[in-house]
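Descriptive analysis of the structure
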There are 2 protein chains.
Amino acid sequence: MIDIRDRVRNSALHAKIVSAEEAAAIIKPGMNIGTSGFTPAGYPKAVPLALAERMKKEKFQVNLWTGASVGKELDGALAEANGIAKRLPYQTNEAIRKMINNGSIQYTDLHLSHVAQMARYGFLGGKVDVAIVEACAITEEGHIIPTTSLGNSASFVQDADIVIVEVNVTQPLELEGMHDVYIPKDPPNREPIPIMKADDRIGTPYIPCGVDKITYIVPCDLPDAVRPLAAIDDDARAMSGHLIEFLNNEIKHGRLPKNLLPLQSGVGSVANAVISGLVDSPFENLSVYTEVIQDGMFDLIDAGKLTFASGTSLTPSPEGLKRFYANIAEYRKKILLRPQEISNNPEVARRIGVIAMNTAIEFDIFGHVNSTHIMGTKMMNGIGGSGDFARNGYLTFFFTSSVAKGGAISSIVPMCSHIDHTEHDVDVFITERGVADVRGLSPKERARVIINNCAHPDYQPMLLDYLERAEKATGLAHTPHLLEEALSWHIRFMQTGTMKK
Amino acid sequence: MIDIRDRVRNSALHAKIVSAEEAAAIIKPGMNIGTSGFTPAGYPKAVPLALAERMKKEKFQVNLWTGASVGKELDGALAEANGIAKRLPYQTNEAIRKMINNGSIQYTDLHLSHVAQMARYGFLGGKVDVAIVEACAITEEGHIIPTTSLGNSASFVQDADIVIVEVNVTQPLELEGMHDVYIPKDPPNREPIPIMKADDRIGTPYIPCGVDKITYIVPCDLPDAVRPLAAIDDDARAMSGHLIEFLNNEIKHGRLPKNLLPLQSGVGSVANAVISGLVDSPFENLSVYTEVIQDGMFDLIDAGKLTFASGTSLTPSPEGLKRFYANIAEYRKKILLRPQEISNNPEVARRIGVIAMNTAIEFDIFGHVNSTHIMGTKMMNGIGGSGDFARNGYLTFFFTSSVAKGGAISSIVPMCSHIDHTEHDVDVFITERGVADVRGLSPKERARVIINNCAHPDYQPMLLDYLERAEKATGLAHTPHLLEEALSWHIRFMQTGTMKK
Ligand SMILES: CC(C)(COP(=O)(O)OP(=O)(O)OC[C@H]1O[C@@H](n2cnc3c(N)ncnc32)[C@H](O)[C@@H]1OP(=O)(O)O)[C@@H](O)C(=O)NCCC(=O)NCCS
Ligand SMILES: CC(C)(COP(=O)(O)OP(=O)(O)OC[C@H]1O[C@@H](n2cnc3c(N)ncnc32)[C@H](O)[C@@H]1OP(=O)(O)O)[C@@H](O)C(=O)NCCC(=O)NCCS
């Protein structure tokens, strides 16, 4: 067995070190399993793999609660073993997605900032039964030093009767000190979260646990299954350019300070392109208050443009991870990981005034956003933290390419086939075509700006035609729609393979 | 002219007392006018009436920004004069509604907590040019004692170059001391809002202004145009009963404290019925953290059940107003009015854990809510504060009767014709039929609970049939919809006058 005794700093705890199989044996069918992990970072690996093996033989299921998406050793392995009854709050795994969309897994798609408190309140179908969290080390006092993400780990540990700690020897000990763990009390006793800047520390560098609360400790030597980032394409580059121009103009008009406000950016290639694009921007002394810290942040740090980045997960590409490890002594001064209940908290997002930048699947001419569903029915990933930030940001952006599937789909439609963010929540839309600044506009005003500035020329006349006929048919109603046609673009795509007529 | 000199406590300010006509003359076409007022309470009356007269002669328009809806002397008079180009953030006026739905007025429907900050940020099309606020009195220092609502008054006064104060002699001086005015600084300098209980005072009992900043003072003797509350009908009584039973059960299961958590309740008859219903409930030591304080709150205070009510507006019925005035010395100890930026703030709502209770126009089987649009196109009132509370509450309820228009409309539909609150934001639905507790459920699970517990029997088989066929057609996709039929109920109603087949 891998020797983790130096990382388990209280020798009395060495007696609790067991194999992954032994630990997995404590899990009972139907239990709520709360794990660490947020993106393929910091999730447990050994115990889930052992649990999956047991499930294949014994045929049973559990409910899996995580921070967000996790790696293949957890989501992938349990899916393959058909071991998940209910999954929450977010996922990006191919196999899970399929099972969510064929009725094999019930999926509860939640705002990421809500998960820990809903679990504590007992709103998700009982409490967390077992917490499984990945650790760099366990302190003398039995507290847990997390690894590359914090997610909901701290709250799950606090709630669970059974705590399994996976000590991962591939995670560098230099991660110690990069966490700030704070679990709010519940109403009526909750206090203000005292964060006013991205780098304010308000908690402990470990997950409070204690020697007695730990049930098992399991060694693990599997690294985070990080993935390469998609190359930055022309569309993403164009969107990044539009954003920078827009922000510059806001500064010029006194609507933003010169060093902007704390940046939040979603995951994926557009988000990464936007952050990377800032390297060549005139902005300095930037700060980041976000969920996921990707490669682009290292570029900004290296360029001397980023003073501090607060997130809940550190998810570079494989090259980014190497780069991070090679220079960890420097990067760790400028990066902090917090529980997602804090990184995504509306209170903090609104107070510090994040610039919220997320990617949409589609948006409609009146400014509603679909972040989750393909053609209104199939779950893609989930809402994630986009709603936490979009609703509460100082300025809220949504990005998307104007078309998808080689032009067969317009990402700007008459009516979204599913709505995750409403017209009340978005300030600015950006596609590779341009920027639609809809602040303060009525729906009919918004529609023209969105069609003219963001839609693809192939679809602009069709959208305008829809709008004009809807205005006529409804006598210029507040939100002119032709209900018979509102979803016809999606229907046409499903029937003919294109939204074009 | 009405003598207001005793209410204008700095005699140097007496020179600024002018007629409504004189004050209204300072307003130029195209200006952004920010007024006090939230529901028909505390809005200016004399200057708007004079402005409307001027508009009829001179034919010009302004943009009207208020707290929320206001009385007929403001919305009604300006609408009649065709004097409003853009209206925000909320309204309930018949004439304005018509003009919003025929293209004569551009309407920006905003979360009420967002308005003041968006105005300060310069996001609504320039800054407030003129603030017109109703006052009980003006202090020695030139600060403004508000009347029956606070809304956005304080922030508008802070921002405006021109400040017109309407001193209303019908508003009792006992209102002094019932306000708590706090204007947050803007990012990056904003600090935590230090409210932890409904009765925490954090600001001043007046709107900070100062002698120099006041442009004109206008006397007024028109009372708030308060309206009778609709009688509590059987549906509302049934919903109130379901709510109390549900809350009792939450307490029994340890998911709520015995005295509940601070209650937020929307406006209108259902909301009032729910609050009144609590008089006969077992709950004690209740507190309220809401927008609008209606008659039901007096019932609770009289019954000794309410320890404190915080709101932004005091809007009793005509009888309620009499009752309030008759016992103002007692009621004023238990009621506080705050700016809507504070009463509706997500930070506070989430921290203190409000129980959010609002009324929907319709909701769908998957848990999305329409609060604003009739048949997807016509604006009813606006989202108001419902989103501020629904997203951030400890527990979020939406109420509606299961049918409307005598049964011709099912308020539970396959897909909402407009969405203001998404599936991610609601915990519990209540109709006169029963309670759908959808916490932690997947969309397909939610659909069955909603159909079985909330829908009207006339529509239950149709909804279930839709769900089952959608499940079949999509192979049990995450959110099974038949896009061809999703809005067909609304279309059928518009074509045939009923959603029934
Ligand atoms: C919306 C989201 C799926 C976009 O991700 P992305 O990687 O930038 O998007 P892509 O352009 O690669 O598109 C993903 C898929 O959706 C498809 N797609 C894109 N736009 C589409 C549209 N309008 N209609 C249908 N499908 C569409 C793409 O073709 C692609 O399909 P494929 O996997 O079959 O090739 C992703 O950002 C997300 O999950 N967001 C929600 C959560 C979130 O915002 N998290 C951050 C919060 S902090
Ligand atoms: C949703 C809202 C309009 C309901 O108000 P209400 O007074 O309880 O509702 P009513 O039952 O009287 O219905 C109002 C109208 O909508 C119609 N209506 C109700 N349900 C309907 C439906 N499903 N489809 C179409 N029309 C419907 C009613 O028939 C009525 O029409 P009428 O005026 O022509 O008679 C109101 O609560 C609102 O504006 N909410 C949004 C803002 C908010 O929530 N504020 C509180 C936040 S703190």
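Residues numbered from 1 in each chain as written. Chains lettered and ligands numbered in written order. Predicted model: local features only at pLDDT ≥ 70, side-chain atom pairs only at ≥ 80, totals over all residues. Heavy atoms only, no water.

**Comments concerning the UniProt feature "active site" (unreviewed entry) in chain A**
All names here are of chain A. Cross-referencing UniProt, the feature "active site" (unreviewed entry) maps to Glu291 in the present numbering. Mapped onto the fold, Glu291 is located in the loop between strand S11 (286-289) and strand S12 (292-293). Leave out the neighbours within four places in its chain, and Glu291 touches Phe38, Leu112, Gly311, Thr312, Ser313, Asn344, Gly384, Gly385 and Phe389. Separated by 2.9 Å, the side chains of Glu291 and Asn344 make a polar contact. (UniProt positions renumbered as here; feature names shortened; annotations may be inferred. Helix = DSSP H or I, 4+ residues; strand = E, 2+ residues; numbered from the N terminus. Contact = heavy atoms within 4.5 Å. Polar contact = N/O pair within 3.5 Å; in protein donor to acceptor, adjacent residues only side chain to side chain.)

**Observations concerning the interface of chain A and chain B**
Opposite the 83 residues of chain A that make contact, chain B presents 83 residues. Of all residues in chain A, the largest losses of buried area upon contact with chain B belong to Arg350, Arg391 and His424 of chain A, amounting jointly to 13% of the total for that side. Taken together, chain A and chain B are joined by six salt bridges. Along the contact surface separating chain A from chain B lie 38 residue pairs in polar contact (both at pLDDT 80 or more). Of all the elements in the fold, those that place two or more residues in the side of chain A that touches chain B are strand S4 (106-107), helix H5 (115-121), helix H13 (346-352), strand S20 (378-379), helix H14 (386-392), helix H15 (443-454) and helix H17 (488-496) of chain A. Tallied by class, residues from the side of chain A that touches chain B come to 30 nonpolar, 32 polar and 21 charged. (Buried area = accessible area lost by both parts, 1.4 Å probe. Salt bridge = Lys/Arg side-chain N within 4 Å of Asp/Glu carboxyl O. Nonpolar A, V, L, I, M, F, W, Y, C, P; charged D, E, K, R; others polar.)

**Describing the site of ligand 2**
Residues and elements named next belong to chain B. As a structural note, the neighbourhood of ligand 2 is formed by 23 residues, with Gln264, Ile361, Asn381, Gly382 and Lys405 the closest of them. Backbone polar atom of Ile361 to a nitrogen atom of ligand 2: 2.9 Å apart, as the coordinates give it. In the complex, 74% of the free accessible area of ligand 2, which totals 970 Å², lies under the protein chains. Among the residues forming the shell around ligand 2, the class breakdown is ten nonpolar, ten polar and three charged. (Near = heavy atom within 4 Å. Areas by Shrake-Rupley, 256 points an atom, 1.4 Å probe, with all protein chains shown as cover.)

**A few points about helix H10 (residues 318-326) of chain A**
Residues and elements named next belong to chain A. Listing the buried residues of H10 in full gives Gly320, Leu321 and Phe324. Around the axis of H10, the buried residues are gathered within 100° of arc, so they sit on the same side. Opposite its buried face, H10 presents the exposed residues Glu319, Lys322 and Ala326, each directed more than 90 degrees away. Those residues of H10 hidden inside the fold are in contact with helix H9 (295-302), strand S14 (313-314), helix H11 (328-331) and strand S15 (335-337). (Buried < 20%, exposed > 50% of the residue type's maximum accessible area, 1.4 Å probe, protein only. Arc of directions from axis to C-beta.)

**As for the UniProt feature "domain: Acetyl-CoA hydrolase/transferase N-terminal" (unreviewed entry) in chain A**
Feature annotation in UniProt places "domain: Acetyl-CoA hydrolase/transferase N-terminal" (unreviewed entry) on residues 13-219 of chain A, given in this structure's numbering. With 23% helix and 18% strand, residues 13-219 of chain A has end C-alpha atoms that lie 13 Å from one another.

**With respect to the pattern of salt bridges**
Should their charged atoms come close, side chains of opposite charge can pair. Taken as a whole and judged by the stated rule, the model has 72 salt bridges over all chains. Across the salt bridge formed by Arg439 of chain A and Asp437 of chain A, the nearest N and O atoms sit 2.9 Å from each other. On the accessibility criterion, Arg439 of chain A (8% relative accessible area) is buried. Its salt-bridge partner being Arg351 of chain B, residue Glu347 of chain B comes within 2.6 Å of it at the nearest N-O pair.

**A few points about the sheet that holds strand S18 (residues 369-370) of chain B**
All names here are of chain B. Strand order in the open sheet formed by three strands is S18-S17-S24, and the pairing between neighbours is mixed. Of all the strands in the sheet, the pair left with one neighbour each is S18 and strand S24 (412-413). With two bridges connecting them, strand S17 (residues 362-364) and S18 associate as antiparallel partners. Residue Glu362 lies in a different strand from S18, and its bridge partner there is Asn370. (Pairing = 2+ DSSP bridges.)

**Examining the site of ligand 1**
All names here are of chain A. Taken together, 23 residues form the shell around ligand 1, and within it Gln264, Ile361, Asn381, Gly382 and Lys405 come nearest. Here Lys405 contributes a side-chain N or O atom positioned 2.9 Å from an oxygen atom of ligand 1. The separation between a nitrogen atom of ligand 1 and a polar side-chain atom of Ser411 is 3.4 Å. For ligand 1, the protein covers 73% of the area, taking 960 Å² as the surface of the free molecule.

**Remarks on the packing of helix H15 (residues 443-454) of chain B against helix H16 (residues 460-474) of chain B**
All names here are of chain B. Packing of H15 against H16 leaves a shortest axis separation of 9 Å and a crossing angle of 165°. As far as their axial angle goes, H16 and H15 are roughly antiparallel. Along this stretch, H15 crosses H16, giving a crossing that reads as left-handed. Contacts between H15 and H16 involve Lys444, Ala447, Arg448, Ile451 and Asn452 from the former and Gln460, Leu463, Leu464, Leu467, Glu468 and Glu471 from the latter. Taken together, the residues of the contact of H15 with H16 break down into five nonpolar, two polar and four charged. (Axes fitted to C-alpha atoms, helices over the stretch in contact; angles between N-to-C directions. Parallel < 35°, antiparallel > 145°, perpendicular 65-115°, else oblique. Left-handed = near helix turned anticlockwise from the far one by under 90°.)

**Examining the domain arrangement of chain A**
Residues and elements named next belong to chain A. Structurally, chain A comprises domain 1 (5-220) and domain 2 (234-496). For domain 1 versus domain 2, the separation of C-alpha centres amounts to 29 Å. In this complex, domain 1 contributes 52 residues to the contact, which on the side of domain 2 involves 42 residues. Note on domain 1 versus domain 2: buried area summed over both sides is about 3,700 Å², and carbon and sulfur give 58% of it. Broken down residue by residue, the surface that domain 1 buries against domain 2 is led by Met178, Ile193 and Ala198, which jointly contribute 19%. Joining domain 1 to domain 2, the criterion identifies two salt bridges. Sorting the residues of the side of domain 1 that touches domain 2 by element identifies helix H4 (94-100) and H5 as the ones contributing at least two each. At four residues, the largest contribution of residues to the side of domain 1 that touches domain 2 is made by H5. In terms of residue class, the side of domain 1 that touches domain 2 is made up of 23 nonpolar, 18 polar and eleven charged. (Domains from an automatic or database assignment.)

**Focus on the packing of aromatic side chains**
Residue and element names in this part refer to chain A. By the definition in use, this model includes 24 aromatic pairs over all chains. Joined through ring pairs, the aromatic side chains of Phe298, Phe324, Tyr325 and Tyr331 make up one cluster. The ring of Tyr43 carries Lys45 above its face, with NZ or CZ at 4.2 Å from the centroid. (Phe/Tyr/Trp six-rings, centres within 6.5 Å; stacked < 30°, edge-to-face > 60°. Lys NZ or Arg CZ within 6 Å of the ring centre and 35° of its normal.)

**Describing the pairing of strand S1 (residues 32-35) of chain A**
All names here are of chain A. Neither face of S1 is left uncovered, since the one carrying Asn32 and Gly34 and the one carrying Ile33 and Thr35 both have all their residues buried. Of the strand pairs in this sheet, S1 and strand S2 (residues 62-65) are connected by three bridges, and their pairing is parallel. If you follow Ile33 over to S2, its bridge partner there is Leu64. In this fold, S1 hands off to helix H2 (residues 46-58), which returns the chain to S2; that crossover is right-handed. (Right-handed = clockwise from strand over helix to strand, strands pointing away.)

**Points about unusual backbone geometry**
The omega angle of the peptide bond from Leu88 of chain A to Pro89 of chain A is 0°, so this bond is cis rather than trans. The residue Pro89 of chain A is located in the loop between strand S3 (84-88) and H4 in this model. For Asn82 of chain B, which is not a glycine, the phi torsion comes out positive at approximately 50°. Positionally, Asn82 of chain B belongs in the loop between helix H3 (72-80) and strand S3 (84-88). In this structure Asn82 of chain B comes out as partly exposed when scored by relative accessible area, which is 41%.

**Some remarks on H15 of chain B**
Residues spaced three or four apart along an α-helix face the same direction, because each turn holds 3.6 residues. Residues and elements named next belong to chain B. For H15, spanning twelve residues, the distance from its first C-alpha to its last is 15 Å, which sits close to the expected 16 Å at 1.5 Å a residue. Where H15 is concerned, the buried positions are Pro443, Lys444, Arg446, Ala447, Ile450, Ile451 and Cys454. Buried residues of H15, viewed axially, fall in a sector of 155°; they line one side. (Expected span 1.5 Å × (residues − 1).)

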